[in-house]
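# Tertiary structure, described
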Amino acid sequence: MSEPPSAPPAPAETAATEYDFLAPDAGQRPLGPTPSQSRFQVDLVAETAGASDDKSPSSENSAAVPDGSGTDSGAGAEEAKGRFRVVNFADPSGSGSAASPEAAPPEGIQNGDTVMSETSLHSSTGGQHHYHYDTHTNTYYLRTFGHNTIDAVPNIDFYRQTAAPLGEKLIRPTLSELHDELDKEPFEDGFANGDELSPAEESAAKEAAEPKGVVKFGWIKGVLVRCMLNIWGVMLFIRMTWIVGQAGIALSCVIVCMATVVTSITGLSTSAIATNGFVRGGGAYYLISRSLGPEFGGSIGLIFAFANAVAVAMYVVGFAETVGELLKSADAVMTSETNDIRIIGTITVIVLLGISVAGMEWEAKAQIFLLFVLITAIINYFIGSFIPLKSKEPYGYFGYDASIMWENMGPNFRDETFFSVFAIFFPAATGILAGANISGDLSDPQMAIPKGTLLAILITGIVYLGVAVSTGACIVRDATGGVNNTISSQFASNCTAASCKFGYDFSSCQYTNRTEKCKYGLHNDFQAMSLVSGFGPIITAGIFSATLSSALASLVSAPKVFQALCKDNVYPGIGLFAKGYGKNNEPLRGYLLTFGIALAFILIAELNTIAPIISNFFLASYALINFSVFHASLANSPGWRPSFKYYNMWVSLAGAILCCVVMFVINWAAALLTNVIVMALYIYVSHKKPDVNWGSSTQALTYHQALTHTLHLSAVEDHIKNFRPQCLVMTGYPNSRPALLDLVHSFTKNVGLMICGHVRTGYRRPNFKDLVTDQTRCQRWLLKSETKAFYTAVFAEDLRQGSQYLLQAAGLGRLKPNTLVLGFKNDWRDGDMMNVETYISMIHDAFDFQFGAVILRLKEGLDVSHIQGQDDLLSSQEKSSGTKDVIVSIDTSKDSDGDSSKPSSKATSLQNSPAIQKDDDDDGKAPTQPLLKKDKKSPTVSLNVSDQRLLEASQQFQQKQGKGTVDVWWLFDDGGLTLLIPYLLTNKKRWKDCKIRVFIGGKINRIDHDRRAMATLLSKFRIDFSDITVLGDVNTKPKKENLAAFEEMIEPYRLNDDNMEMEAAERLKNSEPWRITDNELELYRAKTNRQIRLNELLQEHSSTANLIVMSLPLARKGAVSSALYMGWLEVLSKGLPPILLVRGNHQSVLTFYS
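Structure report, in brief. The residue numbering used here restarts from 1 in each chain and proceeds along that chain's sequence as written. Owing to the predicted nature of the model, reporting of local features is limited to residues with pLDDT of at least 70; listing and counting of side-chain atom pairs is limited to 80 or more, with chain, interface and lining totals taken over all residues. Calculation of side-chain values draws on the structure's entire complement of heavy atoms; hydrogens and water are dropped beforehand.

## Observations regarding the nonpolar core
Taken as a class, soluble globular proteins show a tendency for nonpolar side chains to be buried jointly. Only buried Ala, Val, Leu, Ile, Met, Phe, Trp, Tyr and Cys residues count toward a nonpolar core, and they belong to the same one when joined by side-chain atoms within 4.5 Å. Throughout this description, buried means an accessible area under 20% of the type-specific maximum (1.4 Å probe, protein chains only), exposed means over 50%, and partly exposed covers the range between. Trp232, Phe237, Phe425 and Tyr464 are the most contacted members of the largest nonpolar core, which has 141 residues in total. Strands here are runs of E lasting at least two residues and helices are runs of H or I lasting at least four, both read from the DSSP assignment and numbered beginning at the N terminus. Considering each element in turn, this core owes the most residues, 16 residues, to helix 10 (residues 294-329). The next biggest cluster of nonpolar side chains, apart from the first, holds 61 residues, and it includes Phe1046, Trp1074, Tyr1084 and Met1126.

Okay, structure coming up:
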């Protein structure tokens, strides 16, 4: 950095000096978050004081390109890509050629933010580098509102997640780059919140960003055509007439309308989700997973892909049935009717697989041709229905007639029910997601999906109703097909059927009194529409078209959905199906899997068996799509802003309920099985917890509910019955004191709040960005180690000030701490005694804030941060390899604030900056267990004996405690906290085998009375105990050697004011307030003796306990010096098993009232 001039610099010179910090060595900086992102590059244009008389905007033309057409060298461009680079244009000598003609005017130069931007613009024809000062392009901004600045105006490219189909992601200047002081390095923000992508999404986006040769469809070709072809499937031509025969015209219309209502509501919901942001490939799976999260998305994605694969079989079997009928009529049956369907179906699905594998372009061309044939067939049918022929009458077709229409108006179910018929028809309505399923291949999914889907539902619904009414009005239910069934006029009076009017009596084969089975009519002839049509072969071609197009659409949909599911890595072992091939990323492996599933179901060869199987799977998908919209609306997230406005959350909920009802009505056993499968997959994914963050409505609703409940909680007064220990635990970094963390977590888990407090001291200039970064990383560590706690850190002048901040501000509403938990200061005699003063003051502050206080002491100590291998907060798998390759590891042993509950003079002499480590061997396969759990692998440096003991002791509360005791020395009534904590502990799995023993003080002549009184109290509190011991000898004088040891311990901290002049004693006391006065020592002699005596009793009664919980002695503020109080705590708790000194705030936390 250049030396600042002695005289005040000119404004431009200031700018030059300020921006020098932006030019670090390029090799020292990590590349941007992903290789595909262009980090903006800033060229500083400035004028020095030495050149102030020069009116040219620049003094050095070598860094500017006059004509704007220059390009970097290939290596330079690659090196600069993803990097923040600054070139200083200032010429200290004042010499240089004329400025670029495009340069900014002189008045712009005086701004300290003056820049020239250079960026790489990528188009579909390839990337070229341009240099310009255009403000409103997708480069960085030079003339914003009349002056040059690196502050950017709004641009769509800032909001892209990564390299996207519609353009390249740019990164706006970070707040740090605009706001930080200029002697600091700009802070690397990386991704904005929620923008970080999974590797699968990054790869998908990279593929999508390659525009060359990729086939993209509009709303007609991509959605409308596909949906219409899928909906007009096999049911239209070979089952619609049978449905009318069974249900009648009226109920057939009801069936069509019911299905249309379900699909219309689902279509509206699909439109809402599809227009709430950019939609990638994956269809229903993508829509549900990004709305409801991976749990529902993963479960429904699997069964939806499977349902589409089975749908291929259904449509192919429909096609094979038609071909079989033709072979039968031509007397060319190959083996048997069923086997012919299997043979034809197998050949057909192989041909369809070939078309699909050839690519989306060929498949789209085939779909257009098939739609043309299909529409021609439908028109052909309606034309034929108006042209009755005498030759068709024996087959039951007489043309439009009111009597036939009336006869067919009501139902005539034969071995079927209304809902079984509905179950067979409903798959005809399932084609509404055919367009959404190839969302990744649409040029504008947000416009195409709503427009194409809803229009397809409308058109196909009208056609289905038209066919239902038309066939019911001109074809009778039963016909023999024989010309001999005519009747003469004298017998006509005995014939009541509609066919009698035309001289035909088909009663001989009717269902009720048949002597032979009718082969024709609505009930019996699946090819009845061919009979009616103007030219029969066109209907056959239409059947071929409808079945093959639907099969083709499903054969494409299933692998696409499955591929999207595999890319998200929700389930293990299916990643090989994520790989795509060719320019359109075709899932060839998925095609083969779908082919296998379809082939298996084709072998069933029975259409009416296959149809209900997939109805439930499709209905489950529709139910979740509808529920997604309701859920997102209910969550009221600001991110839920669909551009499609014609939806309603309650209509969507009704649609979801309707789908579930229809599932059970169709086939309750299949519906039950479907729900069990969905829930099993949901539970599996929830347990696996995939590492994805899609901003789902589940997250939004969780936040909404948490906020609402927190506000409701704040409006209600606390009640003793609902008291919970809510602990502020001064852990420092959460992995610094594992024993403290584990023990407190044992009694707060699922019971109360736990906040890990961290006071960071000793910083001349606090780096608040580091604080934010550590907050995120420490919270992630707590989650990974399955510790239900929050991490909160503050910067403060000293530990006491920081603890006061936390005592006042930690928590929210009723979710605020009420108990301060500290680790005992084992090394209090080794360091600066002012640290002891601070430590004791924290306890006094807790009581001042009406907090309870808890102190944990292990004889080995608590802080493990200095032990090698215990300083990283994240395992290698948690280190974000996809975003940055430089990891800041938190080294608590080298932080001055590394011991937030144990201040030490040694800490201040150690370096404050975190260690920078590069993760070279991160293969993504490292375990994610908490780092402080025992590792089989020994550390690189062998531990000394004391550190080994410390490490073992720090892990003792992570293990099951076995049969033992928790000894409760409830000497003083603090409201019951001393008793409540051990009760909560022994309710936990690790501590459930431990028995509670209670020790109380009493008089020798009232021991039995005191024991009975305590037993009564404990039974009223409903707290189990194994024994009660009344100590009658608490006030007995302690042993002489123990008294002498205490006197020797406190001797260095005494004021000895009796041997000093009063003024000198006062001066020394003011400068060292922790010193013990002679008067104070004499005044509290009895209390001192009691602490020493209690330690003797503890050694006698509780030396084998798993944990001792004891009343914390109180010291009156201002009367007892910190050294004396610390001496009491030391002598009381030394040489014992783990001991928890507890003092509540003297408000009752236990009650025996209901």
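## Concerning the packing of aromatic side chains
Under the pairing criterion, centres of Phe, Tyr and Trp rings, with the six-membered ring standing for Trp, must be within 6.5 Å; the plane angle then separates stacked pairs below 30 degrees from edge-to-face pairs above 60, leaving the rest tilted. If you walk through the whole model with that rule in mind, you get 27 aromatic pairs. Measuring from centroid to centroid gives 4.8 Å for Phe319 and Phe544, while their planes differ by 65°, and the two rings are edge-to-face. One end of the pair, Phe319, is in helix 10; the other, Phe544, is in helix 17 (residues 536-567), with 225 residues separating them in the sequence. Classification of Phe319 as buried rests on a relative accessible area of 11%. For the ring pair Phe425 and Tyr464, a centre distance of 5.2 Å and an interplane angle of 80° mean the geometry is edge-to-face. Taken together, the positions of Phe425 in helix 14 (residues 418-425) and Tyr464 in helix 15 (residues 445-474) put the pair 39 residues apart, joining distant regions of the chain. Within the aromatic cluster, the residues linked to one another by ring pairs are Phe306, Phe601 and Phe617. Over a ring means this: the NZ of a Lys or the CZ of an Arg is within 6 Å of the ring centre and within 35 degrees of the ring normal. Above the face of the Phe1152 ring, Lys1020 is positioned so that its terminal group lies 5.6 Å from the ring centre.

## Digging into helix 26 (residues 833-848)
Each helix should span, by expectation, one fewer than its residue count multiplied by 1.5 Å. Over its 16 residues, helix 26 runs 23 Å from end to end, which matches the ideal 22 Å to within 8%, given 1.5 Å per residue. By the criterion of burial, helix 26 is predominantly enclosed, with 13 of the 16 residues buried. Polar contacts, as used here, are pairs of N or O atoms within 3.5 Å; protein pairs need one atom able to donate a hydrogen and one able to accept it. Residues neighboring in sequence count only if both atoms are side-chain atoms. Structurally, the start of helix 26 carries an N-cap: the backbone nitrogen of Met834 is 3.0 Å from a side-chain oxygen of Asp832.

## Side note on the pattern of salt bridges
For this document, the term salt bridge refers to a Lys or Arg side-chain nitrogen within 4 Å of an Asp or Glu carboxyl oxygen. According to the stated counting rule, one finds 23 salt bridges in the structure shown. Measuring nitrogen to oxygen at the nearest pair gives 3.6 Å for the salt bridge that ties Arg814 to Asp718. Of this pair, Arg814 sits in the loop between helix 25 (799-809) and strand 8 (819-823) while Asp718 sits in the loop between helix 22 (697-714) and strand 5 (727-730); the two residues are 96 residues apart in sequence, bridging distant segments of the chain. Using a relative accessible area of 61% as the deciding quantity, one classes Asp718 as exposed.

## Side note on a nonpolar patch on the surface
Each patch is assembled from residues with relative accessible area greater than 30% and no salt bridge, linking like charges that lie within 9 Å and nonpolar side chains (Val, Leu, Ile, Met, Phe, Trp, Tyr) that lie within 5 Å. For the accessible areas, the method is Shrake-Rupley and the probe is 1.4 Å, while residue cover comes only from the protein chains on display. A cluster of nonpolar side chains, Ile375, Ile379, Ile383, Phe386, Ile387, Leu389 and Tyr400, forms an exposed patch at the surface whose accessible area comes to about 650 Å². By the element assignment, Ile383 lies in helix 12 (residues 360-385).

## Side note on unusual backbone geometry
Of note in this structure, Asn750 is not a glycine but carries a positive phi near 60°. Considering the arrangement of structural elements, one finds Asn750 in the loop between helix 23 (738-748) and strand 6 (754-760). Judged by its relative accessible area of 57%, Asn750 is exposed. Although it is not a glycine, Glu786 sits at a positive phi angle of roughly 60°. You can see Glu786 is positioned in the loop between helix 24 (768-784) and strand 7 (790-795). On the accessibility criterion, Glu786 (64% relative accessible area) is exposed.

## Focus on the side chain of Thr986
Among the secondary structure elements, Thr986 is positioned in helix 29 (residues 977-986). A relative accessible area of 13% places Thr986 in the buried class. Once residues within four sequence positions are removed from consideration, Thr986 is found in contact with Val966, Trp991, Lys992, Cys994 and Ile996. Contacts are assigned to residue pairs with any non-hydrogen atoms lying within 4.5 Å of each other.

## Structural notes on the environment of Lys721
Within the element layout of this structure, Lys721 appears in the loop between helix 22 and strand 5. Measuring from C-alpha to C-alpha, the distance between Lys721 and Tyr1153 comes to 8.6 Å, with 432 residues separating the pair along the chain. Once residues lying within four places of it in the same chain are set aside, the contact partners of Lys721 are Thr1151, Tyr1153 and Ser1154.

## Brief notes about the sheet that holds strand 15 (residues 1107-1111)
By definition, two strands form a pair when at least two bridges between them are found by DSSP. The strand order 7-6-5-8-9-16-15-12-13-14 describes an open sheet built from ten strands, whose pairing is mixed. Pairing within the sheet leaves two strands with one partner each, and these edge strands are strand 7 and strand 14 (1027-1031). Adjacent strand axes in the sheet meet at a mean angle of 20°, parallel and antiparallel pairs treated alike. Fitting a line to C-alpha atoms yields each axis, with helices limited to the stretch in contact; the angle taken between N-to-C directions then spans 0 to 180 degrees. Across the sheet, helix 25 touches strand 5, strand 6, strand 7 and strand 8, and the angle it forms with strand 6 is around 145°. Across the sheet, helix 34 (residues 1085-1101) is in contact with strand 12 (964-969), strand 13 (994-1001), strand 14, strand 15 and strand 16 (1139-1143); its angle to strand 12 comes to roughly 160°.

## Description of the pairing of strand 15
The two faces of a sheet get side chains in turn, since along a regular strand they alternate between them. Of all the five residues making up strand 15, five are buried; the element is thus mostly covered by neighbouring parts of the structure. Burial of strand 15 is two-sided: the residues Leu1107, Val1109 and Ser1111 facing one way and the residues Ile1108 and Met1110 facing the other way are all buried. In this structure, strand 12 lies alongside strand 15, joined through four bridges in parallel fashion. In the strand pairing of strand 15, Val968 is matched with Val1109. Examined bridge by bridge, strand 15 and strand 16 share four bridges and lie parallel to one another. Paired with Met1110 across the two strands is Leu1141, which belongs to strand 16. Seen with its strands pointing away from the viewer, a crossover is right-handed if its path from the first strand over the helix to the second goes clockwise. Taking the sense of rotation as the criterion, the β-α-β connection linking strand 15, helix 35 (residues 1122-1133) and strand 16 turns out right-handed.

## Structural notes on the environment of Phe627
Position of Phe627 among the secondary structure elements: in helix 19 (residues 607-635). The spatial distance from the C-alpha of Phe627 to the C-alpha of Ala654 is 8.9 Å, given a sequence separation of 27 residues. When residues no more than four places from it in sequence are discounted, the contact partners of Phe627 are Leu292 and Ala656.

## As for the state of the cysteines
Cysteine sulfur atoms are paired as a disulfide whenever they fall within 2.5 Å. On inspection of all chains with the given rule, the structure shows zero disulfides. There is no disulfide at Cys659, and the cysteine sulfur nearest it, in Cys660, is 6.8 Å away. Classification of Cys659 by relative accessible area gives buried; the value is 0%. Residue Cys756 stays outside any disulfide, its sulfur separated by 8.8 Å from that of Cys778, the closest cysteine.

## Topic: empty space enclosed by the protein
Two kinds of site are reported from a 1 Å grid over the protein atoms alone, namely cavities, where a 1.4 Å probe fits but cannot get out, and pockets, open sets with protein on both sides within 12 Å along at least five of seven lines, and residues are called lining when an atom falls within 4 Å of a point. Grid points are joined across faces, edges and corners, and a volume is the space filled by probe spheres set on the points. One pass over the structure, following the stated rule, counts eight cavities of 30 Å³ or more. Along the walls of the second largest cavity sit 13 residues, with Ile231, Thr260, Thr263, Ala429 and Thr460 positioned nearest its centre. Of all the secondary-structure elements, those providing two or more residues to the lining of the second largest cavity are helix 8 (240-274) and helix 15. Of the residues assigned to the lining of the second largest cavity, the class counts are nine nonpolar, four polar and no charged. Only Asp, Glu, Lys and Arg are considered charged, only Ala, Val, Leu, Ile, Met, Phe, Trp, Tyr, Cys and Pro nonpolar, and every remaining residue, Gly among them, polar.

## Observations regarding the packing of helix 10 against helix 11 (residues 337-358)
One can describe the packing of helix 10 onto helix 11 by two numbers: an axis separation of 8 Å at closest approach and a directional angle of 125°. Considered as vectors, helix 10 and helix 11 are oriented oblique to each other. For helix 10 against helix 11, the interelement crossing comes out right-handed. Residues Val312, Val316, Val317, Phe319, Ala320, Glu321, Val323, Gly324, Leu327 and Lys328 of helix 10 form the contact with helix 11, whose own contacting residues are Glu337, Asp340, Ile341, Ile344, Gly345, Thr348, Val349 and Leu352. The class makeup of the residues in the contact of helix 10 with helix 11 is eleven nonpolar, three polar and four charged. The cut-offs work like this: below 35 degrees is roughly parallel, past 145 is roughly antiparallel, 65 to 115 is roughly perpendicular, and the gaps in between are oblique. Take the far helix as your reference; a near helix turned counterclockwise from it by less than a right angle gives a left-handed crossing, and one turned clockwise gives a right-handed crossing.

## Points about helix 24
Every α-helix winds through 3.6 residues per turn, so residues three or four apart in the chain are directed the same way. The end-to-end C-alpha separation of helix 24 is 24 Å, in line with the 24 Å expected for 17 residues at 1.5 Å each. Residues of helix 24 that are buried include every one of Leu771, Asp774, Arg777, Cys778, Gln779, Trp781 and Leu782, and no others. Following helix 24 by one or two positions, Glu786 adopts a phi angle in the positive range, close to 60°.

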